[in-house]
Amino acid sequence: MPREARIYVAGHRGLVGSAIVRKLEAEGYENLVVRTSAELDLRDQQAVADFFRQEKPEYVFLAAAKVGGIVANNTYPAEFIHDNLMIQTNVIHQSWLNGVKRLLFLGSTCIYPKMAPQPIKEEYLLTGPLEPTNEPYAIAKIAGIKMCQAYNRQYGTRFLAAMPTNLYGPNDNFDLESSHVLPALMRKFYDAKVKGEDKVVIWGTGSPLREFLHVDDLADASIFLLNLPEDVFSSLLTDHSSQALINVGSGEEISIKELALAIKGVVGFAGDLAFDASKPDGTPRKLSDVSRLHGLGWKHEVRLIEGLRETYQWYLVK
């Protein structure tokens, strides 16, 4: 992407979009196009068509989405499938109509089967049942991947789907009803510390294994992917084992119990942990195979404990 390229970052106020904007600006990209959801409802087909026709972006980072943890996914399944389908359909379709050179569609590794072999390779997509608690969201994201593949095949577009593992960092959502596990734990420990409570109750058994990636690393990987040489980028779109799909992660995992203990230490909470086994654990293990991305020359830089400290400091002053 030339430094003067017109780049649209959809979802620039979210966890992922804001990190991509920070990274682009740090690397000297100044011709960025952004809109808040109040200025542009990406679920509105005509509004998105008008926006693309007027702004004519050359590159698109599609980071806009309705996201949330287990509670939010269980409570609002209709919104999770409807809103995400509408957002990605409108943006991907208009990107084709308006000649976007490259697009990066961002999803999540929850697209893979609940009991997929570990670590999860890109070719495991659609090989088994999904985790029920986030199935509507996952199905929407799978549709986005397949849309990128279909448009590439029929229209010759250059649309790539990147599936990040569990993310965290500045601008994360710390609301206990709708957040993911890491920020939810950080909020719980902080609240318990402030209130002087003697224990924190954590959903599930603490045994599931999870992989985490700092959002600044995802932003770096996203720009790295859209800047790949043409022959390498083309190979990602045509490789039969992945077909325009690539995992983005750390390749490292930690149990929820170990994560909770690490966050407890970062926050400085002195009480105990209590695990509520009556609550769902979700997928028992979810480690992404990032060998394809490593083979391209990219690897994450932010260590988990350093990222937790930085995220907590951001939370304290936000």
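One can find the structure itself at the top, above this paragraph.
Model, not experiment: these values are computed from the prediction.

1. A word on the overall build of the protein
And step 1. Scanning the protein from N- to C-terminus turns up eleven helices and 13 strands.
And step 2. Against the compact-globule benchmark of 20 Å for 318 residues, the protein has a radius of gyration of 19 Å, which places it among compact chains.
And step 3. Projected onto its principal axes, the C-alpha positions of the protein cover 60 × 40 × 40 Å.
And step 4. In the protein, which comprises 318 residues, the share counted as buried stands at 52%.
And step 5. Relative to all contacts within the protein whose residues are 6 or more apart in sequence, the contacts with residues 24 or more apart total 80%.
And step 6. A total of about 13,800 Å² of accessible surface is found on the protein, and carbon and sulfur atoms cover 50% of it.
And step 7. Side chains of the protein carry 34 positive and 39 negative charges; the gap between the two charge centres is 1 Å.

2. What to know about the nonpolar core
And step 1. In terms of nonpolar packing, the biggest core is built from 38 residues, with Y8, L42, L103 and F105 touching the most fellow members.
And step 2. Sorting the residues of this core by element identifies β1 (7–10), α2 (45–55), β3 (59–62), α4 (77–97), β4 (102–106), α5 (135–155) and β5 (159–164) as the ones contributing at least two each.
And step 3. Ranked by residue count, the leading element in this core is α5, at seven residues.
And step 4. Contact partners of L42, with chain neighbours within four places excluded, come to Y8, A10, V48, A64, M86, I87, N90 and V91.
And step 5. With 36 residues, the next largest nonpolar core counts Y29, L106, A221 and L228 among its residues.

3. A few points about the packing of helix α1 (residues 15–26) against helix α7 (residues 215–226)
And step 1. Packing of α1 against α7 brings their axes to within 8 Å, and their N-to-C directions diverge by 60°. Note on packing geometry: the crossing formed by α1 with α7 is right-handed. Across from L15, V16, A19, I20, R22, K23 and L24 in α1, the residues of α7 making contact are V215, D216, L218, A219, D220, S222 and I223.

4. A few points about the environment of I111
And step 1. Summarising the element assignment, I111 is placed in the loop between β4 and α5.
And step 2. A C-alpha to C-alpha distance of 7.2 Å links I111 and L130, two positions 19 residues apart in sequence.
And step 3. Ignoring anything within four residues of it in the chain, the contact list for I111 reads L125, L130, A138, K141, I142, I145, M163 and L245.

5. A word on the sheet that holds β3
And step 1. Ordered in space as β2-β1-β3-β4-β5-β10, the six strands form an open sheet in which the pairing is parallel. Looking at the sheet topology across the chains shown, the edges are occupied by β2 (32–33) and β10 (245–248).
And step 2. The sheet contact formed by β1 and β2 spans two bridges and is parallel. Bridging across to β2, Y8 finds its partner in V33.
And step 3. The sheet strands contacting α4 are β3, β4 and β5, and the helix crosses β3 at an angle near 170°.

6. Looking at the side chain of E122
And step 1. Within the secondary structure layout, E122 lies in the loop between β4 and α5.
And step 2. The exposure class of E122 is buried, given its relative accessible area of 4%.
And step 3. Residues in contact with E122, not counting those within four places in the same chain, are Y112, S241, S242, L245, I246, N247, D289 and R292.

7. Side note on the environment of R292
And step 1. Counting through the fold element by element, R292 comes out in helix α10 (residues 291–296).
And step 2. A sequence separation of 44 residues divides R292 from V248, and the C-alpha atoms of the two residues are 9.2 Å apart.
And step 3. The contacts of R292, once residues within four sequence positions are left out, are E122, E123, L236, D239, S241, S242 and I246.
And step 4. Only 2.7 Å separates the side chain of R292 from the side chain of E122, close enough to count as a polar contact.

8. As for the pattern of salt bridges
And step 1. Tallying each qualifying case throughout the model produces 18 salt bridges.
And step 2. Where R102 meets E230, a salt bridge forms, and the shortest distance between an N and an O atom there is 2.8 Å. Separated by 128 residues along the polypeptide, R102 in strand β4 and E230 in helix α8 (residues 230–238) bring together distant segments of the chain.
And step 3. The class of R102 is buried, set by a relative accessible area of 9%.
And step 4. On the basis of relative accessible area, E230 is assigned to the partly exposed category, the value being 41%.
And step 5. D289 serves as the salt-bridge partner of K121, at 2.9 Å between the closest nitrogen and oxygen. Within this pair, whereas K121 is found in the loop between β4 and α5, its partner D289 is found in the loop between β13 (285–286) and α10, the two being separated by 168 residues in sequence.
And step 6. Connected through salt bridges with shared partners, the residues R6, R35 and E55 form a single ionic network.

Cut-offs applied
- By convention here, each chain's residues receive numbers from 1 onward along its written sequence.
- Reporting of local features is limited, given that this is a predicted model, to residues whose pLDDT is at least 70; pairs of side-chain atoms are given and counted only at 80 or more, and all residues count toward the totals for whole chains, interfaces and linings.
- With hydrogens and water stripped out, all remaining heavy atoms of the structure feed into the side-chain values.
- Think of it this way: any DSSP run of H or I at least four residues long counts as a helix, any run of E at least two long counts as a strand, and we number them from the N terminus.
- The atom set for the radius of gyration is the C-alpha atoms, and the globule formula is 2.2 Å times the number of residues raised to the power 0.38.
- Each residue is placed in one exposure class: buried if its accessible area under a 1.4 Å probe, protein chains only, is under 20% of its type's maximum, exposed if it is over 50%, and partly exposed if it falls in between.
- Any pair of residues with heavy atoms lying within 4.5 Å of one another is described as a contacting pair.
- Values of accessible area rely on a 1.4 Å probe in the Shrake-Rupley scheme; residue burial ignores everything except the protein chains shown.
- Note on charges: Lys and Arg go in the positive column, Asp and Glu in the negative column, and His and the chain ends are not counted at all.
- Lys charges are placed at NZ, Arg charges at CZ, Asp charges at CG and Glu charges at CD.
- In this description, a nonpolar core means a group of buried Ala, Val, Leu, Ile, Met, Phe, Trp, Tyr and Cys residues linked to one another through side-chain atoms lying within 4.5 Å.
- Think of each axis as a best-fit line through the C-alpha atoms, taken over the contacting stretch in the case of a helix, with angles from 0 to 180 degrees between the N-to-C directions.
- Each crossing gets its hand from how the near helix is turned against the far one by less than a right angle, where anticlockwise is left-handed and clockwise is right-handed.
- Pairing between strands requires that DSSP locate at least two bridges from one strand to the other.
- Polar contact criterion, stated in full: a pair of N or O atoms within 3.5 Å, where within protein one must be able to donate a hydrogen and the other to accept it, and residues adjacent in sequence count only if both atoms are side-chain atoms.
- Salt-bridge detection follows one rule: a side-chain nitrogen of Lys or Arg within 4 Å of a carboxyl oxygen of Asp or Glu.

Keep in mind that these numbers describe shape and distance, not what the molecule does.
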